[in-house]
Amino acid sequence: MTSDAPPIDPDIRYRKIDRVIPGQPTSDGAGVRLTRYIGSQSLSELDPFLLLDFFESDNPDDYLAGFPSHPHRGFETVTYLLAGKMRHQDSAGHNGVIEAGGVQWMTAGRGIVHSEMPEQENGRLAGFQLWVNLPATEKYCEPAYHEYPQSQVPVEKRGDGVVIRVITGHTSGGISGPVSGIATRPLYLDVALSPGAQLKESTDEQHAAFIFVIQGQVDVIADQERSTLVAAQLGVLSEGNRVQFNAGGSGSRFLLVAAQPLNEPIVRYGPFVMNTRAQIEQAVRDFKSGRF
Ligand code: FE2
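Definitions and limits used
Residues numbered from 1 in each chain as written. Predicted model: local features only at pLDDT ≥ 70, side-chain atom pairs only at ≥ 80, totals over all residues. Heavy atoms only, no water. Donors = N, O, S within 2.8 Å, 3.2 Å for Na, K, Ca; no water. Tetrahedral: all angles 85-135°; square planar, octahedral: opposite > 155°, others 65-115°. Helix = DSSP H or I, 4+ residues; strand = E, 2+ residues; numbered from the N terminus. Buried < 20%, exposed > 50% of the residue type's maximum accessible area, 1.4 Å probe, protein only. Pairing = 2+ DSSP bridges. Axes fitted to C-alpha atoms, helices over the stretch in contact; angles between N-to-C directions. Salt bridge = Lys/Arg side-chain N within 4 Å of Asp/Glu carboxyl O. 1 Å grid on protein atoms, 1.4 Å probe; cavity = no way out; pocket = protein on both sides within 12 Å on 5 of 7 lines; lining within 4 Å. Points joined across faces, edges and corners; volume = space filled by probe spheres on them. Nonpolar A, V, L, I, M, F, W, Y, C, P; charged D, E, K, R; others polar. Contact = heavy atoms within 4.5 Å. Phe/Tyr/Trp six-rings, centres within 6.5 Å; stacked < 30°, edge-to-face > 60°.

(A) Molecular detail of the coordination of the iron ion. Every protein donor of the iron ion is listed here as His70 (NE2), His72 (NE2), His114 (NE2) and Glu116 (OE), and their distances to the metal cover 2.1 to 2.4 Å. Considering all four donor atoms around the iron ion, angles at the metal cover 84 to 172 degrees and the coordination shape is irregular. Mapped onto the sequence, the donors of the iron ion take the spacing H-x1-H-x41-H-x1-E. One end of the pair, His72, is in strand β5 (residues 67–72); the other, Glu116, is in strand β10 (residues 112–118), with 44 residues separating them in the sequence. Each member of the pair His72 and Glu116 is classed as buried.

Shown next, in the form of structure tokens:
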């Protein structure tokens, strides 16, 4: 028997789209309008990811209220801005402004109280906040920051219409992001594809992974299967050690994010994410008595 189809390599397992999450419009903080993808009714978590919010507006009424002083314990918050400026300030004396293309990876650990406020009164504000869980052994670690402006986020330009901004993890082209030493060994890429361009990348096989389409549309290709995602959709990817994405006719921009699942109990109560109910009660007591 002969076939023209290329042989299937048993060592390559392409990730497919398991689920498409449309996002749930909501508001948070003091009244910031946003769309929640992870931590929503349709996807409560994607271990180790606890929450993904996307905010995008050129109407100041949607964002001016910001996120005044609030605590976190037990996980990491990752802010990546596409447009505009956000100022953050915290109980440890940390203060700074994240601008478009910049990232702040904050490890809340045993506890931090901070505010995240728009540093603008008009114009477009757009970006993401992702929450990444910490393993039980690190939930009480000292708070820590990785913060990098756009100029310190390396850009890999491939000759075939592929441009990758590498925030953390590394690409097959050998580019590593500036955020390092994170417990769940994450990959966080902001990928731009020219019309018809293709991205092929390796991924850690057991890591949880998703793609979020910022602009245009993208086909996720796994052997004979092809699923199309459009802007503002999140696709949960199956396990696998390879991804293949093809841009539509107007090109595409998307996030590709992956990390190691923790497979530990998750008990969440607002801004506290711990392993047991007793730890949550302790967090509330500690916060109320000013021990953060
Ligand atoms: Fe926060």
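Picking up after the structure, the text goes on.
(B) Main features of unusual backbone geometry. Residue Pro48 follows Asp47 across a cis peptide bond; omega there is 15 degrees. The backbone of Arg185 shows a phi angle near 50 degrees, a positive value even though the residue is not glycine. Relative to the helices and strands, Arg185 is located in the loop between β14 (162–168) and β15 (187–193). Look at Ala232: it is not a glycine, yet its phi comes out positive at around 75 degrees. Looking at where Ala232 falls in the secondary structure, it is placed in the loop between β18 (225–230) and β19 (234–237). Overall, the relative accessible area of 32% leaves Ala232 in the partly exposed class.

(C) Here's a closer look at the sheet that holds strand β3 (residues 32–38). Strand order in the open sheet formed by seven strands is β2-β3-β4-β11-β6-β9-β12, with antiparallel pairing between adjacent strands. Looking at strand neighbours, the two that pair on one side only are β2 (24–28) and β12 (144–148), the edges of this open sheet. Strand-to-strand twist across the sheet, computed as the mean angle between neighbouring axes with direction ignored, equals 20 degrees. Relative to strand β11 (residues 125–133), strand β4 (residues 49–57) runs antiparallel, the two sharing eight bridges. Each bridged residue has a counterpart across the sheet, and for Phe49 the counterpart in β11 is Val132.

(D) Representation of the pattern of salt bridges within the structure. The full count for this structure, using the stated rule, is 17 salt bridges. Here Glu205 and Arg13 are joined by a salt bridge, their closest N and O atoms 2.5 Å apart. Here Glu205 is found in the loop between β16 (198–202) and β17 (208–222), whereas its partner Arg13 is found in the segment before β1 (17–21), with 192 residues between them in sequence. The class of Arg13 is partly exposed, set by a relative accessible area of 38%.

(E) Structural context of empty space enclosed by the protein. Counted by the stated rule, this structure contains two cavities of 30 Å³ or more. The space that makes up the largest cavity amounts to roughly 40 Å³. Together, Val32, Phe55, Tyr63, Gly66, Phe67, Met86, Pro118 and Leu125 line the largest cavity. Considering only residue class, the lining of the largest cavity consists of seven nonpolar, one polar and no charged. Residue contributions to the lining of the second largest cavity peak at three residues, all from β4. A class-by-class count of the residues in the lining of the second largest cavity yields four nonpolar, one polar and three charged.

(F) Region of interest: the layout of surface pockets. Of the volumes computed, that of the largest pocket is approximately 420 Å³. If you go around the largest pocket, you meet 27 residues; those closest to its centre are Asp28, Phe67, His70, Gln129 and Trp131. Elements that contribute at least two residues to the lining of the largest pocket include exactly β3, β4, β5, β7 (85–90), β10 and β11. Top contributing element to the lining of the largest pocket by residue count: β5, with four residues. Among the residues forming the lining of the largest pocket, the class breakdown is 12 nonpolar, nine polar and six charged.

(G) A look at the environment of Leu256. Turning to its location among the elements, Leu256 is positioned in strand β20 (residues 242–259). On the accessibility criterion, Leu256 (1% relative accessible area) is buried. Placed 237 residues apart in sequence, Leu256 and Arg19 show a C-alpha to C-alpha distance of 15 Å. Sequence-distant contacts of Leu256, defined by excluding residues within four places in its chain, comprise Leu187, Tyr188, Leu189, Phe210, Leu237, Val243 and Phe245.

(H) Structural view of the packing of aromatic side chains. Under the counting rule described, the total for this entry stands at 11 aromatic pairs. Centroid distance Phe49 to Phe210: 5.4 Å. Interplanar angle 85 degrees. Geometry classified as edge-to-face. Residue Phe49 is located in strand β4, and its partner Phe210 is located in strand β17; the two are separated by 161 residues in the primary sequence. Overall, the relative accessible area of 0% leaves Phe210 in the buried class. A ring pair is formed by Tyr80 and Tyr188, whose centres lie 5.8 Å apart and whose planes are at 75 degrees; its orientation type is edge-to-face. Note that Tyr80 is positioned in strand β6 (residues 75–83) and Tyr188 in strand β15, a separation of 108 residues in sequence.

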